[in-house]
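Coordinates in review
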Amino acid sequence: METRFQRLLLSGLLIAASSVALAQTDAQDETQSVLDKIVTPDMERRHIEEDQLDTEDFEIGAYYGFMSIEDFGSSWGWGVRAAYHITEDFFLEGNYGKHTGGESTLEIGGGLPALTDAQREYTYYDLNLGYNLFPGEVYISDSLAFNSTFYIVAGAGNTTFAETEYFTYSFGAGYKVYFTDYLNLNLDLRDHVFERELLGFNKKWVNNLSANMGINFFF
């Protein structure tokens, strides 16, 4: 009889333990369901893929811009450019450009002999070392962004004006936007500085400022 009582007691304890375990499981499931509703946001995450730039190191392009030729007005002109990217930060750049000078105030006033059309041709070439100072991105919209970089350049070259050649220092800065992995647009400001001796007049440190827009290709 004692054995039967013990069995009944043991069965009751097992049933009670099972009920408690089921109740705890139901409570945990309910708690997890509430937490999921609170913590998990009901939104779709955007998957963004960023284009990688070509691994080629060479770049060629052309540009068009406006130059202020000191004492000879301003004019529109064109140029071509080639670059070799030494590293991700440093690059070598060569430029060739052409503009046409206007009449100076001295010419208009009769104080300086007039230049011929051929003498008004302003051409230059230079070799610069460039540095990509601030690589980053430019956002056009919430879903459209392009790689970009702000860069600086400095170097030297040669300028021909009034049928005379001048050793020239060049320096400037620009901003470049990469539309694809091989095509980019750049905007830059440059200064070409040299000592000019023209028709008996000597002027030290002539500044010829230009603003250009160009298209470039990697290959």
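Further up the page is the structure itself.
The following paragraphs examine the structure supplied in this document. (Residues numbered from 1 in each chain as written. Predicted model: local features only at pLDDT ≥ 70, side-chain atom pairs only at ≥ 80, totals over all residues. Heavy atoms only, no water.)

1. A few points about the pattern of salt bridges
In this structure the tally under the stated criterion is nine salt bridges. R81 is paired through a salt bridge with D188; the nearest N and O atoms lie 3.2 Å apart. With R81 in strand β2 (residues 74–85) and D188 in strand β7 (residues 183–198), the pair connects residues that are 107 residues apart, well separated along the chain. Like R81, the residue D188 is buried in the burial classification. Linked by salt bridges that have partners in common, E70, D71, R196 and K203 make up one network. (Salt bridge = Lys/Arg side-chain N within 4 Å of Asp/Glu carboxyl O. Helix = DSSP H or I, 4+ residues; strand = E, 2+ residues; numbered from the N terminus. Buried < 20%, exposed > 50% of the residue type's maximum accessible area, 1.4 Å probe, protein only.)

2. What about the packing of aromatic side chains?
As enumerated under the stated definition, the model contains 16 aromatic pairs in all. The interplanar angle of 5° and the centroid separation of 5.6 Å between the aromatic rings of Y64 and W76 together place this pair among those described as stacked. Taken as a pair, Y64 in strand β1 (residues 58–68) and W76 in strand β2 lie far apart in primary sequence, 12 residues in all. Each member of the aromatic cluster is reached from another via a ring pair, and the members are F72, Y122, Y124 and F161. The cationic tip of K176 hangs over the ring face of F91; the distance from NZ or CZ to the ring centre is 5.7 Å. (Phe/Tyr/Trp six-rings, centres within 6.5 Å; stacked < 30°, edge-to-face > 60°. Lys NZ or Arg CZ within 6 Å of the ring centre and 35° of its normal.)

3. With respect to unusual backbone geometry
Within the chain, E163 stands out as a residue other than glycine whose phi angle is a positive 60°. Under the relative-accessibility criterion, E163 is labelled exposed at 58%. We note that W205 has phi near 55°; this positive angle belongs to a residue other than glycine. In this fold, W205 is placed in strand β8 (residues 201–218). Judged by its relative accessible area of 45%, W205 is partly exposed.

4. Regarding the sheet that holds strand β6 (residues 164–178)
In a beta sheet, neighbouring strands are held together by backbone hydrogen bonds and run either parallel or antiparallel to one another. Ordered in space as β1-β2-β3-β4-β5-β6-β7-β8, the eight strands form a closed barrel in which the pairing is antiparallel. Strand after strand, the sheet turns through a mean of 25° between neighbouring axes, direction not considered. Across 15 bridges, the pairing between β7 and β8 is antiparallel. Of the residues in β8, the one forming a bridge with L187 is M213. (Pairing = 2+ DSSP bridges. Axes fitted to C-alpha atoms, helices over the stretch in contact; angles between N-to-C directions.)

5. Structural notes on a nonpolar patch on the surface
Among the surface-exposed residues, F58, I60, Y84, I86, F90, L92, L127, L129, Y182, I215, F217 and F219 lie close enough to one another that they form a single nonpolar patch of about 1100 Å² accessible area. Secondary-structure elements contributing two or more residues to the nonpolar patch are β1, β3 (90–100), β4 (121–141) and β8. Inspection of the secondary structure assignment puts L92 in strand β3. L92 gets classed as partly exposed once you look at its relative accessible area, which sits at 36%. (Patch = residues over 30% accessible without salt bridge, like charges linked within 9 Å, V, L, I, M, F, W, Y side chains within 5 Å. Areas by Shrake-Rupley, 256 points an atom, 1.4 Å probe, with all protein chains shown as cover.)

6. Considering the pairing of β7
The sheet contact formed by β6 and β7 spans 10 bridges and is antiparallel. Each residue of the ladder has a partner; that of Y175, found in β7, is L187.

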